[in-house]
Amino acid sequence: MRRLGLVCFGLLLAFSASAGPEVPAVLDWCGMRLHLQPDVRAAVQAQVNKLTANATVQLAMAERAATYFPFAADALAHIGVPDDLKFMMIQESGVQPAVVSTSLAVGFWQLKDYTATEMGVTVSAAVDERKHITAASIAAARYFTRANGLYRNWLYAVIAYYEGPTGALPHTDPALYGAREMTVTTLHWYA
């Protein structure tokens with residue numbers, strides 16, 4: 001199985017191109033060359049179309065991204081994580097610091113308290129660094145780095161971000177650990 005977090009493709013395309021971007025059949029992402037099967041490409045295109053359908057919402061998101069992405073990019077680079085991963089903040093929080101999920105994940109990267117603490121972020125009644133762009137981005141980068149250490153594959157590291165390292169295992173192919181080129185035949189849907 002070769003799966004991918006749909007959101008990464010869609011968001012990368014939606015916010016790095018002009019209105020109405022077309023999803024390519026081959027995508028260079030996180031230092032990998034990803035070949036999208038036609039049905040996968042169509043599903044990603046449908047998501048991109050949804051993301052770009054409302055110009056007002058897209059503009060507001062783009063403005064927040066323009067404000068916060070430079071800080072996230074610096075933090076990711078500091079840890080050695082590909083810049084493309086900053087686009088995940090759009091899926092996670094809409095690039096908003098105070099978002100709280102139903103599972104009590106908080107902030108730009110939607111980190112749960114125990115994960116944030118494990119990655120070096122302060123979470124207390126007085127201070128919650130999950131809402132701080134640099135601290136939270138460094139924590140997310142550390143998590144990606146740890147997952148990439150297991151799979152040597154940024155695509156699988158993204159799935160591990162959503163599922164946890166053990167939860168990601170059924171969605172990975174050990175033959176592709178370390179791969180720099182993959183054919184994406186199915187999608188890992190994260191809701």
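Report on the accompanying structure. Computed from a predicted model, the values in this text were never measured in an experiment.

## Considerations on the overall build of the protein
Thought 1: Tallying secondary structure elements over the protein gives 8 helices and 3 strands in all.
Thought 2: In sequence order, the secondary structure elements of the protein are arranged as α-β-β-α-α-α-α-α-α-α-β.
Thought 3: Per-residue burial for the protein yields a buried fraction of 49% across its 191 residues.

## Thoughts on the environment of D173
Thought 1: Note on placement: D173 falls in the loop between α8 (165–168) and β3 (181–184).
Thought 2: Accessibility expressed as a relative area gives 19% for D173, which makes it buried.
Thought 3: Spatially, the C-alpha atoms of D173 and Y156 are 9.1 Å apart, while their sequence positions differ by 17 residues.

## A closer look at the nonpolar core
Thought 1: Within the largest apolar cluster, 53 residues are counted, with the highest numbers of intra-cluster contacts made by W29, L85, W109, F144, W154 and Y161.
Thought 2: Apart from the residues lying within four places of it in its own chain, the contact partners of F144 are V81, L85, M88, W109, W154, A157, V158 and Y161.

## Thoughts on the environment of A116
Thought 1: Topologically, A116 is positioned in helix α5 (residues 113–118).
Thought 2: Judged by relative accessible area, which is 0%, A116 ranks as buried.
Thought 3: Spatially, the C-alpha atom of A116 lies 8.2 Å from that of A140, the residues being 24 residues apart in sequence.
Thought 4: Excluding its chain neighbours within four sequence positions, the residues that come into contact with A116 are L111, V121, V123 and R130.

## Looking at the side chain of S137
Thought 1: Turning to its location among the elements, S137 is positioned in helix α6 (residues 133–151).
Thought 2: A relative accessible area of 0% means that S137 is categorised as buried.
Thought 3: Filtering out sequence-adjacent residues up to four positions away, S137 remains in contact with A72, A75, L76, M89, W109 and H132.

## Concerning the packing of helix α3 (residues 55–79) against α6
Thought 1: Relative orientation of the contacting elements α3 and α6 amounts to 40 degrees, with a least axis distance of 8 Å. Here α3 lies oblique to α6, going by the angle between them. Of the two elements, α3 crosses α6, and the hand of that crossing is right-handed. The residues of α6 that touch α3, namely those facing Y68, F71, A72, A75, L76 and I79, are I133, T134, S137, I138, A141, R142 and T145.
Thought 2: Across the contact of α3 with α6, the residue classes tally to 9 nonpolar, 3 polar and 1 charged.

## Looking at the sheet that holds β3
Thought 1: Pairing is mixed across the open sheet formed by 3 strands, whose spatial order is β1-β2-β3. Strands with a single pairing partner mark the edges of an open sheet, and in this sheet they are β1 (26–29) and β3. This sheet shows a mean twist of 25 degrees between the axes of neighbouring strands, independent of strand direction.
Thought 2: Bridge count for β1 against strand β2 (residues 32–36) is 4 bridges, and the pairing is antiparallel. Across the sheet, V26 pairs through a bridge with H35, a residue of β2.

Analysis parameters
Residues numbered from 1 in each chain as written. Predicted model: local features only at pLDDT ≥ 70, side-chain atom pairs only at ≥ 80, totals over all residues. Heavy atoms only, no water. Helix = DSSP H or I, 4+ residues; strand = E, 2+ residues; numbered from the N terminus. Buried < 20%, exposed > 50% of the residue type's maximum accessible area, 1.4 Å probe, protein only. Core = buried A, V, L, I, M, F, W, Y, C linked by side-chain atoms within 4.5 Å. Contact = heavy atoms within 4.5 Å. Axes fitted to C-alpha atoms, helices over the stretch in contact; angles between N-to-C directions. Parallel < 35°, antiparallel > 145°, perpendicular 65-115°, else oblique. Left-handed = near helix turned anticlockwise from the far one by under 90°. Nonpolar A, V, L, I, M, F, W, Y, C, P; charged D, E, K, R; others polar. Pairing = 2+ DSSP bridges.

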